[in-house]
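Remarks on the overall topology
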Amino acid sequence: MKIAVLGVGLIGGSIGLAARARLDAEVAGFDPDRELLERAGELGAIDSAHEAVAEAVEGTELVFCAAPVIALPGLAAEALDAAAEDCAVTDVGSVKRDLISSLGSDSRFVGGHPLAGAETSGVENARADLFEGARWYLTPAPTTGGMLYDRVQRAIADLGARPQAIEAETHDRLMATISHLPHVVANVLVAQAATALSEEAEHLPEVGPSFRDATRVAGANPAIWGDIFAGNREAVAAEIDAAIARLREAAELMRSGEREAVAAWHEEAGRRRRELIETEIAGGPLHELRVRVPNRPGIVAEVALELGRAGVNIEDMALYPAADMTSGAISLYIAGDEEADRAERLIRDLGHDVSRAE
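Notes on the structure follow. (Residues numbered from 1 in each chain as written. Predicted model: local features only at pLDDT ≥ 70, side-chain atom pairs only at ≥ 80, totals over all residues. Heavy atoms only, no water.)

1. Here we look at the sheet that holds strand E7 (residues 135-139)
- Judged by pairing direction, the sheet is mixed, and its eight strands sit side by side in the order E3-E2-E1-E4-E5-E6-E7-E8 without closing on themselves. Each of the sheet's edge strands pairs with one partner strand only, and the pair in question is strand E3 (48-50) and strand E8 (162-165). Averaged over all adjacent pairs, the angle separating strand axes in this sheet is 25°, with direction ignored.
- Note: strand E1 (residues 2-6) against strand E4 (residues 62-65), four bridges, orientation parallel. In the sheet register, alanine 4 faces E4, and the bridge partner there is valine 63.
- Across the sheet, helix H1 (residues 10-22) lies against E1, strand E2 (26-30), E4, strand E6 (109-114) and E7, angled at about 165° from E1, the strand it touches most. (Pairing = 2+ DSSP bridges. Helix = DSSP H or I, 4+ residues; strand = E, 2+ residues; numbered from the N terminus. Axes fitted to C-alpha atoms, helices over the stretch in contact; angles between N-to-C directions. Contact = heavy atoms within 4.5 Å.)

2. As for the sheet that holds strand E9 (residues 286-294)
- Spatial ordering of the open sheet is given by E10-E11-E9-E12, a layout of four strands whose pairing is antiparallel. One side of each edge strand has no neighbouring strand; the edge strands of this open sheet are strand E10 (316-321) and strand E12 (353-356). Taking the axes of each pair of neighbouring strands and ignoring which way they run, one obtains an average angle of 20° across the sheet.

3. What about the environment of tyrosine 333?
- Position of tyrosine 333 relative to the elements: it lies in strand E11 (residues 327-335).
- In this structure the C-alpha to C-alpha distance between tyrosine 333 and arginine 127, which are 206 residues apart in sequence, comes to 28 Å.
- Filtering out sequence-adjacent residues up to four positions away, tyrosine 333 remains in contact with Leu286, His287, Glu288, Asn313, Ile314, Glu315, Asp316 and Met317.

4. Examining unusual backbone geometry
- Of note, aspartate 24 is a non-glycine position whose phi angle comes to about 55°, a positive value.
- Relative to the helices and strands, aspartate 24 resides in the loop between H1 and E2.
- Residue classification places aspartate 24 among the exposed residues on the basis of a relative accessible area of 65%. (Buried < 20%, exposed > 50% of the residue type's maximum accessible area, 1.4 Å probe, protein only.)

5. Description of the packing of aromatic side chains
- Under the definition given, this model contains three aromatic pairs.
- Through pairs of rings, three or more aromatic residues link up here, namely Phe64, Phe131 and Trp136. (Phe/Tyr/Trp six-rings, centres within 6.5 Å; stacked < 30°, edge-to-face > 60°.)

6. What about helix H12 (residues 299-309)?
- Of all 11 residues in H12, nine are buried; the element is thus mostly enclosed.
- Along H12, the residues classified as buried are Ile299, Val300, Ala301, Val303, Ala304, Leu305, Glu306, Leu307 and Gly308.
- Among the structural elements, helix H6 (146-158), E8, E9, E10, E11 and helix H13 (337-349) are those in contact with the buried residues of H12.

7. Points about the nonpolar core
- With 57 residues, the main nonpolar core has Ile15, Trp136 and Leu332 as its most contacted residues.
- Judged by nonpolar contacts, the second largest core, of 24 residues, contains Cys65, Leu80, Cys87 and Ala141. (Core = buried A, V, L, I, M, F, W, Y, C linked by side-chain atoms within 4.5 Å.)

8. A word on the pairing of E2
- Most of E2 sits out of view: four of its five residues are buried.
- Across five bridges, the pairing between E1 and E2 is parallel. Looking at the pairing, leucine 6 lines up with phenylalanine 30 of E2.
- In this structure, E2 lies alongside E3, joined through three bridges in parallel fashion. Paired with alanine 28 across the bridge in E3 is serine 48.
- Note on the crossover from E2 through helix H2 (residues 34-42) to E3: the handedness is right-handed. (Right-handed = clockwise from strand over helix to strand, strands pointing away.)

9. Topic: the side chain of histidine 50
- For histidine 50, the position within the fold is in strand E3.
- A residue is classified by how much of its surface remains accessible, and histidine 50, at 17% relative accessible area, is buried.
- Here serine 48 takes part through its side chain, which lies 2.9 Å from a polar atom of the side chain of histidine 50.
- Aside from chain neighbours lying at most four places away, what touches histidine 50 is Ala28, Gly29, Phe30, Asp31, Leu37, Glu55 and Ala56. (Polar contact = N/O pair within 3.5 Å; in protein donor to acceptor, adjacent residues only side chain to side chain.)

10. Quick word on the pattern of salt bridges
- Evaluated as defined, the whole model comprises 19 salt bridges.
- Ionic pairing is found between arginine 309 and glutamate 167, a salt bridge with its closest N-O pair at 2.6 Å. Pair noted here: arginine 309 is in helix H12 and glutamate 167 is in the loop between E8 and helix H7 (168-199), with a separation of 142 residues, a long-range link.
- With a shortest N-O distance of 2.6 Å, arginine 356 and aspartate 341 are connected by a salt bridge. You can see arginine 356 sitting in strand E12 and its partner aspartate 341 sitting in helix H13, a full 15 residues away along the chain.
- Classification of arginine 356 as partly exposed rests on a relative accessible area of 24%.
- In this structure, a network of salt bridges that share partners links the residues Asp341, Glu344, Arg348 and Arg356. (Salt bridge = Lys/Arg side-chain N within 4 Å of Asp/Glu carboxyl O.)

11. Describing helix H10 (residues 233-256)
- Between the first and last C-alpha of H10 there are 35 Å, a value that for 24 residues agrees with the 34 Å anticipated at 1.5 Å per step.
- All of the buried residues along H10 are Ala235, Val236, Ala243, Ala250 and Leu253.
- After H10 finishes, the residue glycine 257 shows a positive phi value of roughly 70°. (Expected span 1.5 Å × (residues − 1).)

Take a look at the structure:
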């Protein structure tokens, strides 16, 4: 398999390392920074270096666009112009709606976003295991080709990640809450602490571990985060407004002096945090669900998104078009008895025949 990685920083370099190690892939690399491109080659993240997108994309089956958010629409469009008709193109950006809006009409494009990274940046910090166990969201459009979506999902799973289909707007709202807002809050906390220190006549004690933990991401990668905040501005602003409302509620609770109520509020936050961050490991046997579907654009994305909305993870999939190409079947592999039962019900609700392979 030959893939192209367009942008060889931390994420692109890690994709290259993982693809070479896990997929036995030949990796062509492109980056406008020639020194960075050479360094990626020295570190083994790419097999060949190219100074033009068209050269890197030539002869590939899969293209990963790993540029800053603001550059992704242009880069992905250039990749699609140069790629073959049977080549899948995806990206790794953390803002999806505008990108899908501009490129979603091309059946070869599948939006993507791995929830993986590090405080450090650059190809020097790339790792082949960066995506191990990480959620990797995919945002297919109604026109996305089924075979190409399958190729992207399968490759991402083979890189060690856990792919899941999600709608672009839902993705952006979710990221505004769990990723973008924490950076905003960290920045605000740092500004507030700095102001308090400057206003106090006497030197305050050194900051404690709680402050360091809560502000770890403050000011990280300003250029990258400036683009992310601008690209997802409406969703982030809405989450800031919601957070302000909750802070006002918290302020009123503190002013009430009701110790039991405050303790209960604090305890509830701890319980919810545990629920949010505890990792669920899918148990039970792997079930194959065989779904009969018409051969029309977007059918694979339709099924994948429906299961993704319900939180059902597709561990693997395979496509089997009929000889006359008017219909076909999708084999979906779901871990766990309850999850498989739920997937069956959801697929039937979509109007498709589904059976469980023995």
